[in-house]
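Remarks on the overall topology
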Amino acid sequence: MAYTRKYSTTEERLKPTLQFYLYNDSYRWEFTSMVQSHSYDGDINTANESFDISVWNRQVSTDRRNLPFEEGLMVKIVLMYQQEKGRPDKPRELFRGIIVKRSLDSVGQESMKVVDYNWYLNQNEVTKSFKKRRGDQIIKDLCSLADVPVGSIANTGYVFPELEFIDKSIWSIMQTVLSETYLRTGKRYMVRSEQGKLVLREMVVSLQRTMIERGANLLSAKRDISIEDVKTQVVMTGGENPKNPRQFRYDAALKKKYGTMTIIENDPDITGPGGLGTLANALLARLKKPSDQISIEALADYTISAGTLIEVYDEFTGANNYYYVTSHTHSDANTMSLELSKKIEQELVRYEAPAEYNDGSKDNKDGGTVGKASGLSYTSGYVATAYDPKLGGINGNGDYSTTASGTKWTYNRTIAVDPNVIPYGSIVHIYVPGFPQYSSVYLAEDTGGAIKGKRVDVLIKGKSATAKFGRRNVQIAIIEKGKGRADARTKASKWSSLKSGYLKKINVTSGQRFLLSENKSSVYREVIKEN
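Residues numbered from 1 in each chain as written. Predicted model: local features only at pLDDT ≥ 70, side-chain atom pairs only at ≥ 80, totals over all residues. Heavy atoms only, no water.

1. Description of the nonpolar core
By size, the foremost hydrophobic cluster in this structure holds 25 residues, and its most contacted members are Leu121, Leu142, Met174 and Leu198. Contributing elements (two or more residues each) for this core: β9 (125-134), α1 (135-146), β11 (159-169), α2 (170-185), β12 (189-194) and β13 (197-202). Tallying contributions element by element places α2 first for this core, with six residues. The next biggest cluster of nonpolar side chains, apart from the first, holds 24 residues, and it includes Phe20, Tyr81, Leu94 and Phe95. (Core = buried A, V, L, I, M, F, W, Y, C linked by side-chain atoms within 4.5 Å. Buried < 20%, exposed > 50% of the residue type's maximum accessible area, 1.4 Å probe, protein only. Helix = DSSP H or I, 4+ residues; strand = E, 2+ residues; numbered from the N terminus.)

Right under this line is the structure:
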């Protein structure tokens, strides 16, 4: 296929520079000269991109701040091009967002985090039902709930018969809708923010792409290739009964090359062989390819961000092809760090219909409570994932037996947390809607590089179980706040009696039933005591 390479050999002095602007309701200030450092980050699996900016904000002759940086104010960053003959490039807006976090010291240094407006997609949880709606129509509706302006939105084609989400963040709903659309159509879509508006575009192989190569703008490269998650055959079932008719797909050439590796998937909304066959084909096409991850350092190019298609040429690593940027970090050192993948693989967030009810009179197999425990104060907004140390290292040190607090991990007890949010040694009750076997009491005793903020990792046994758990919204009640690593070790040593005692204290939902009832367009919870 013919294509045009866009490869600039422009002199360094002609490359665009960044200009920074602060806005309030009445004024605009340029603060480029105040900027001491910056970092521009993005990822294909996050709702928003962000700028971390450090400024010198002290007036020379006084102890006052020079500019009124404040949370909620808008910041714009513009690419400014040198105006020379033959180069008619006009200023271009690179980024627009709001200040969400600041820190300042008595000397005059001030740093801030600026996020684009898609950040609000993660800050809003909703309960919402959709009938006979396409993914793009659902995304528009959700944006209106979060007051996020909408720009160009691609037609995603597939019409969902019915979807229902309960207490889900808007971003997780969008991820689910786009994941399910991909499995049915084979088309990927990227959500981004442009000039303060959410845009949705199909991911396509562009004929014009920037080239990065050794000897020119490539500084270093590293490549990792793996077939660990490859599947060479797929079994697709439909309906609620897993014994329903199935569709089977396989790749004979790859079975011969890599061996037989099978996955069974179920879609409760589809029972016809045609629909199941389409899903099976799409799933096999995604899973049969080895992962090919490339990390590079290159001279900065601010036209490259998450989702951009570029070409890379490095003879030694064999990275000689086009690749998608899965994440990026641009720094004020005029360099950029890019994570690349031969195929675009956004996080696959599958749809799970809400359970009709959770019966609190039944205990789960691990001795927990199926529903919420009354008398506890739950906090929503937590995202839970699952991990099993037997499938890989934890804490980044390759030690498969010891947690960050020095305990030996145990299934149905250990969770990884951000200790700044949930201290080590804390005993918590996690309520997992729609997955009652994991609603139980846990001990906060581990952490991980990706565990930041309101995020927890639940230790679950086995690859299939952790994959099925996936990524989901949960609610957490802290029963007893921990005091640190030593506290975690003490509680782990007598966990059996501790857990049993706490379950007796909090399992007061026995004899109650948590129902989901529908009243017109709203979904609400009732607690009905049984006689």
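2. Considerations on the sheet that holds β13
The strand order β10-β13-β12 describes an open sheet built from three strands, whose pairing is mixed. Two strands in the sheet have a free side with no partner beyond their single neighbour: β10 (150-153) and β12. Taken over all neighbouring pairs, the strand axes of this sheet differ in orientation by 20 degrees on average, direction set aside. The sheet contact formed by β10 and β13 spans two bridges and is parallel. The residue of β13 that forms the bridge with Val150 is Leu198. On top of the sheet, α2 reaches β12 and β13; it is set at about 140 degrees to β12, its chief contact. (Pairing = 2+ DSSP bridges. Axes fitted to C-alpha atoms, helices over the stretch in contact; angles between N-to-C directions. Contact = heavy atoms within 4.5 Å.)

3. Some remarks on the pairing of strand β21 (residues 319-331)
By the bridge criterion, five bridges tie strand β4 (residues 35-43) to β21 in an arrangement that is antiparallel. From the neighbouring strand, Asp43 faces β21, where its bridge partner is Ser327. The sheet contact formed by strand β20 (residues 309-314) and β21 spans six bridges and is antiparallel. Its bridge partner lying in β21, Asp314 is registered against Ala319.

4. A short note on the sheet that holds strand β16 (residues 233-238)
With mixed pairing, the three strands of this open sheet are ordered in space as β17-β16-β18. The sheet is open, and its two borders are formed by β17 (246-250) and β18 (262-267), each paired with just one other strand. Recorded for the sheet is a direction-independent mean angle of 20 degrees between the axes of neighbouring strands. When β16 meets β18, the two strands line up parallel, connected through six bridges. Opposite Met236, over in β18, you have Glu265 as the bridge partner.

5. Looking at the packing of aromatic side chains
Applying the stated rule across the entire model yields 15 aromatic pairs. Their ring planes at 10 degrees and their centres at 4.6 Å tell us that Tyr40 and Phe51 sit as a pair that is stacked. Here Tyr40, found in strand β4, pairs with Phe51, found in strand β5 (residues 50-56); they are eleven residues apart in sequence, far enough to count as distant. The same class applies to Tyr40 and to Phe51, which are both buried. Aromatic pair Phe130 and Phe165: ring centres 6.5 Å apart, planes at 65 degrees, arrangement edge-to-face. In this pair, Phe130 is assigned in strand β9 and Phe165 in strand β11, connecting sequence segments 35 residues apart. Residue Phe130 is classed as buried on the basis of its relative accessible area, which comes to 4%. Overall, the relative accessible area of 3% leaves Phe165 in the buried class. Cluster of aromatic residues (ring-pair linked, three or more members): Phe20, Phe31, Tyr40, Phe51, Phe69, Phe95 and Tyr302. The ring of Tyr322 carries Lys342 above its face, with NZ or CZ at 3.8 Å from the centroid. The ring of Trp409 is capped by Lys408, whose NZ or CZ atom sits 5.5 Å from the centre of that ring. (Phe/Tyr/Trp six-rings, centres within 6.5 Å; stacked < 30°, edge-to-face > 60°. Lys NZ or Arg CZ within 6 Å of the ring centre and 35° of its normal.)

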